[in-house]
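Architecture and fold: a report
For reference, the chains in residue letters:
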Amino acid sequence: MDDVGGMHRCTWTKSSKRSARDVLKTYLGIFVMLHLVLHTEASSVSSKSCDKKCFSGKCINGSCVCDHGWVGDQCQHCQGRFKLTDLSGSLTDGPVNYKYKTKCTWLIEGYPNAVLRLRFNHFATECSWDHMYVYDGDSIYAPLIAVFSGLAVPENRGNETVPEVVTTSGYALLHFFSDAAYNLTGFNIAYSINSCPNNCSGHGRCGTANSVSGRVYCECEEYWKGEACNIPYCRDNCGSPDHGYCDLTGEKLCVCNDSWQGPDCSLSVPSTEAFWVLPSIKPSAQSLGRASHQALVHSGLMWVVGGYSFNYSNYHMVLNYNLESSTWDVVPVGSGPLYRYGHSLALYQDDIYMFGGKLEAQSANVTDEMWVFNIPRRTWSPRTPAPPPPYALEGHTAHVVEQAHGEPVMLIFFGYSPIYSYINKVQEYNIRSNSWQVVSAGGAVVQGGYGHSSVYDEASGCVFVHGGYKALSNNKYGLVDHMYRYDVQAKTWVILRESGLARYLHSAVLLSGTVLVFGGNTHNDTSLSNGAKCFSADFMAYDIVVLLNILLQPTEGLYGIKLILRPVW
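Definitions and limits used
- Residues numbered from 1 in each chain as written.
- Predicted model: local features only at pLDDT ≥ 70, side-chain atom pairs only at ≥ 80, totals over all residues.
- Heavy atoms only, no water.
- Helix = DSSP H or I, 4+ residues; strand = E, 2+ residues; numbered from the N terminus.
- Buried < 20%, exposed > 50% of the residue type's maximum accessible area, 1.4 Å probe, protein only.
- Areas by Shrake-Rupley, 256 points an atom, 1.4 Å probe, with all protein chains shown as cover.
- Pairing = 2+ DSSP bridges.
- Axes fitted to C-alpha atoms, helices over the stretch in contact; angles between N-to-C directions.
- Phe/Tyr/Trp six-rings, centres within 6.5 Å; stacked < 30°, edge-to-face > 60°.
- Disulfide = S-S within 2.5 Å.

1. A look at the overall build of the protein
Check the secondary structure of the protein and you find two helices and 53 strands. When the 569 residues of the protein are sorted by exposure, 41% land in the buried category. When the accessible surface of the protein is summed, it comes to about 30,400 Å², and 53% of that surface belongs to carbon and sulfur atoms.

In structure tokens form, the structure reads like this:
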């Protein structure tokens, strides 16, 4: 450093320039290293893995970010809207139990007027509370064609137990709703456009056959028939030649020799085993599915009146089914009662007496109306009795009986009233005087209910009542297995032995001194039943002579099953 004119002047030597350059390099190196460290830490943070699998989403920063329509810490629950446009695919609520208060909607878009099949491979929801609605179209304003609740999974009969729903618009809208309690395993539903029903049940080939429209049909293997090749026929060649032979000219079924019976001619005559037979019923567009209807038989015709339906645009109040020809017929009626369900029917001579029920077209819709349908003329006429019936009811039963002096009366048993709740009274309608009264019954104290079954045994003069939905203790309601006997002449009640199998909305008939009870809703307490099983295929019998209950248990499929009798108690 030089001193010039009192001022200092700096001069750099070669060695000092090299030292400054080294310092700069050092700082740059430290900066680069610091940047690399920070970048590495940031990268490790952003690529942090999730503790649990993301089912319908992506793992970002250690958390699941869900795809559209999915929620939950693992994106495991549906909760939104989905549009499906592939020609085949599947939909599900998720890989685990669905959550409370779920609302999910799927729109499947095919092409106009295509046949779209929905196959319910698995379905388990809380009975009567969590529902799947299926519409034949692209909105809730399209026809509602199915509602599922409860349990619908393959059981011991294979493919034919898996339900299928078919839409013909080329579209389907599915909406699932669950309430705030009891979430079950949910559902897995496959769909396909222009495919064969149930994949021909593994007993046929799917092909276009001679279809002009290009739609596919099942070509069944030998010894299988039906739209889905799911109905067996001529098993073991009907035991030919000793037991019978296979008739291939008509309905394709076994024709048994006189000493043999059953769908495959394997049961002797007589036999200690019972069996089901699936009749070859010709399909009819008029015989739409319905529930809580009533039916009775008169002169070889089964008359079906009323019932709840999803779609009333093509609904007919009265149908009949010819037991000999296996054909349905619509009964045109110019005027008559409003559509209803939960009513009762009773036959007297050539007249069908219909009482009460729930009207579909009105809000205050439990009625006390009485209508009479004359079978030969096929006409309805109202009755306006005086005094009027004491109770407007639904879910009751009715029988026409003759009193000791030969007077015909119609007895109404129990039922539900929106004003008086569950009724334990017997109402009596006198057919000739067109008047009502409440019977002053004695004997045991019985509980009235809704959806029970009853049969009238003319030989003993007694009505037998089983099951129902009733008011229990502590303001609780539930199903019962009660069995009552009502003596028509003495007007007294007797409490009989319970069946041990509570149910309601079942059916019952009297055959050769035996009350046969089939089906019904057996869902009582979700916490006990696991919330899934709604309706039962139980077949029970009650011998009114020896008062012995027996349970008929199927050992094979619904098509030609055997029923083994065994004591329950």
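2. Thoughts on the sheet that holds strand β36 (residues 408-413)
Ordered by their spatial adjacency, four strands build an open sheet running β35-β36-β39-β40, and the pairing between neighbours is antiparallel. Either end of the sheet is taken by a strand with one partner, and the two such strands are β35 (397-402) and β40 (435-438). Adjacent strand axes in the sheet meet at a mean angle of 25° when their direction is disregarded. Taken together, the five bridges between β36 and strand β39 (residues 426-430) define a ladder with antiparallel strand orientation. Bridging from a neighbouring strand, F413 pairs with V426 of β39.

3. A few points about the packing of aromatic side chains
Under the defined criterion, the tally for this structure stands at 35 aromatic pairs. Ring centres of Y98 and F176 lie 5.1 Å apart, and the angle between their planes is 75°; on these two criteria the pair is classed as edge-to-face. Of this pair, Y98 sits in the loop between β8 (88-92) and β9 (103-109) while F176 sits in strand β14 (residues 171-177), and the two are 78 residues apart along the sequence. For Y98, a relative accessible area of 2% corresponds to the buried category. The class for F176 is buried, based on a relative accessible area of 0%. For the ring pair F355 and W436, a centre distance of 4.9 Å and an interplane angle of 45° mean the geometry is tilted. Note that F355 is positioned in strand β31 (residues 351-355) and W436 in strand β40, a separation of 81 residues in sequence. Here the two residues F355 and W436 agree in accessibility, since each one is buried.

4. Examining the state of the cysteines
Applying the stated rule across the entire model yields 11 disulfides. The partner cysteine of C66 in its disulfide is C75, sulfur to sulfur 2.2 Å. Measuring the twist about the S-S bond at about -95°, one finds the C66-C75 disulfide to be left-handed. Since its relative accessible area comes to 0%, C75 is described here as buried. Across the disulfide, C78 is cross-linked to C104 (sulfur-sulfur distance 2.1 Å). Between C78 and C104, the S-S torsion sits near 105°, and that sign places the bridge as right-handed. Separated by 26 residues along the polypeptide, C78 in strand β6 (residues 77-78) and C104 in strand β9 bring together distant segments of the chain.

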